[in-house]
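A closer look at the structure
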Amino acid sequence: MTSKRSPITKFLERPNSQDNHKFVNDQKLSTPNKMVNPESKVQRKNRRRFRSKVSSKQHKVAAVIIGLLAIIVLVSMMASPHDQLKFKIHKDSKEYKKIQAELLNQKYEGEKVPLAKRDYGTCEIRKGIVPDYPIQSTFTASYPGSGAKMTWKLIEAMTGLVTGDDFQLNGHANIVSIKTHYPSNEGRAIPGAENIPRAILLIRDPLQSIPSYFNFLYEYQNNLPGHSTKAPLEEWIKWRNDNLDRQLQVWRRHAEYWMDGYDNVHRLVISYENMIDDNAGGKEAMKIAEFLNRSDGVTTVTPEEVPCVWYTVVKYKKRRKLIEATDEENETVQNTASVVVDDPQSKRGGPKYIAPYTPQQLKDLIQVLTQLLERYRDDKDLAPILVSYIDEAARRSKGPPEDENTIVSNV
């Protein structure tokens, strides 16, 4: 004989809580005027115990998961930012800026901090070779005396590819960069130049680049080795008075030629002053590397290595001599050895002085720079450079007459 099951037994056998609530409500509706059966208290006690047990387990699991996530977040925050830079970035210039700022221990806003060789990391300096595959060339244009040789060496070190100039192209047709001073008299137009898709304009304050160009002319006229001797002060003053007006116009036309010949997508403007600056130099080199990587067949060193390559080529006076390895597949050297060679920045011997100008010449120079600024005031690369040149000329124009107060040292 089948025994009758009590209501509590039926309740416990129901599959879900919704049915349980329905059962209790049905019981209440069926016996509205009677006291609740004592068994319903047991039922509610068991239900609360069951819910409490499940809730406790859930809380424990949730606590464990939250703890693990917190540990993961803390570990990732403590990780060195350099561990996250093991990938190549060649196209995003913003990423280049952020990486360079981290590698040089700077704030992104450009705060200057004292730097040492160790701050630039380690790298390999590659010897420029002629590739056995076609590559796109890029013009590197500058007024004479603006650091073309230095930039030439930097590009070769970053790419491992040979460069050339507009006269001889180093005897090669397949080169990564063509150095040119065109349209000045020290450069020449290259047949097929319209097929060169990009150009780097290297610009230097005419207060410094024009005297540097004169030193080159003085060496040439006196059969002296290039970048070896600074002209005497009286020679500079004589040449300056006869040629400065014309050279200011040559300097201006050179900048206009390259600014107008390429749009801002296919043109990069770099200042010599930033290139040799301890804090800004690595950033300028990063811009050059990113720009060159747009050319077919060209790949520079990784972003992590660019500041080190810049320091080794531009600033490190005791850099290691490039060894011509017999194995062409392994033509690289570390920058940590001790063979001393000449610094690529010109360190001419002879008298030491800052090339002076008359008040009227400084005024004329400011006028030329201002006209150029009005023409390219919206160019975010060139305009700030021109402003800095104008400020420097204005500062010097407020000082005492320079010709009578220039100090010459022969040390």
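As shown above, the structure is provided for reference.
Quick summary incoming for the structure in this document.

1. A look at the sheet that holds strand β4 (residues 177-180)
The sheet built from five strands is open, its strands ordered β3-β4-β2-β5-β6 with parallel pairing. Because the sheet does not close on itself, it has two edges, and the strands there are β3 (164-165) and β6 (267-271). Pairing of strand β2 (residues 138-142) with β4, which is carried by four bridges, proceeds in the parallel orientation. In the strand pairing of β4, Ala 141 is matched with Thr 180. The sheet contacts of helix α9 (residues 281-292) involve β2, β5 (198-203) and β6, and relative to β6 the element is tilted by about 160°.

2. Details of a nonpolar patch on the surface
Side chains of Val 61, Ile 65, Leu 69 and Ile 72 sit close together on the surface and give an oily, nonpolar patch of about 380 Å² of accessible area. As for its position among the elements, Val 61 is in helix α3 (residues 39-78).

3. Some points on the packing of helix α5 (residues 148-159) against α9
Orientation of α5 relative to α9, taken along the N-to-C sense of each, is 60°, at an axis distance of 11 Å. Taken as axis vectors, α5 and α9 run oblique relative to one another. In this structure, α5 crosses over α9, and the sense of that crossing is right-handed. Of α9, the residues touching α5 (which contributes Thr 151, Leu 154, Ile 155, Met 158 and Thr 159) are Ala 285, Ile 288, Ala 289 and Leu 292. Residue classes in the contact of α5 with α9 are distributed as seven nonpolar, two polar and no charged.

4. A look at the pairing of β6
In terms of burial, β6 is largely enclosed, as five of its five residues are buried. Two strands pair when backbone bridges link them, and β5 and β6 are joined in this way by five bridges, in the parallel orientation. Across the sheet, the residue bridging to Leu 201 is Val 269, located in β6.

5. Description of helix α6 (residues 206-221)
Spanning 16 residues, α6 covers 22 Å between terminal C-alpha atoms, matching the ideal 22 Å at 1.5 Å per step. For α6, a buried count of twelve out of 16 residues is recorded, marking the element as mostly surrounded by other parts of the structure. Burial in α6 covers these residues: Pro 206, Leu 207, Ser 209, Ile 210, Pro 211, Ser 212, Tyr 213, Phe 214, Asn 215, Leu 217, Tyr 218 and Glu 219. Check the buried side of α6 and you find it contacts α7 (233-261), α11 (359-375) and α12 (382-397). A side-chain oxygen of the first residue of α6 lies 3.0 Å from the backbone nitrogen of Leu 207; this N-cap is Asp 205. A positive phi of about 55° marks Asn 223, the residue just after α6.

6. Observations regarding the nonpolar core
With 48 residues, the main nonpolar core has Phe 139, Trp 236 and Trp 251 as its most contacted residues. Going through the elements one at a time, β2, β5, α6, α7, α11 and α12 are the ones with two or more residues in this core. With ten residues, the single largest contributor to this core is α7. Residue contacts for Trp 251: discarding those within four places in its chain leaves Tyr 143, Ile 203, Arg 204, Pro 206, Ser 209, Leu 369, Leu 372, Leu 386 and Tyr 389. Leu 202, Leu 268, Ala 289 and Val 301 belong to the second largest nonpolar core, which has 32 residues in total.

The rules behind the values
- Residues numbered from 1 in each chain as written.
- Predicted model: local features only at pLDDT ≥ 70, side-chain atom pairs only at ≥ 80, totals over all residues.
- Heavy atoms only, no water.
- Pairing = 2+ DSSP bridges.
- Helix = DSSP H or I, 4+ residues; strand = E, 2+ residues; numbered from the N terminus.
- Contact = heavy atoms within 4.5 Å.
- Axes fitted to C-alpha atoms, helices over the stretch in contact; angles between N-to-C directions.
- Patch = residues over 30% accessible without salt bridge, like charges linked within 9 Å, V, L, I, M, F, W, Y side chains within 5 Å.
- Areas by Shrake-Rupley, 256 points an atom, 1.4 Å probe, with all protein chains shown as cover.
- Salt bridge = Lys/Arg side-chain N within 4 Å of Asp/Glu carboxyl O.
- Parallel < 35°, antiparallel > 145°, perpendicular 65-115°, else oblique.
- Left-handed = near helix turned anticlockwise from the far one by under 90°.
- Nonpolar A, V, L, I, M, F, W, Y, C, P; charged D, E, K, R; others polar.
- Buried < 20%, exposed > 50% of the residue type's maximum accessible area, 1.4 Å probe, protein only.
- Expected span 1.5 Å × (residues − 1).
- Polar contact = N/O pair within 3.5 Å; in protein donor to acceptor, adjacent residues only side chain to side chain.
- Core = buried A, V, L, I, M, F, W, Y, C linked by side-chain atoms within 4.5 Å.

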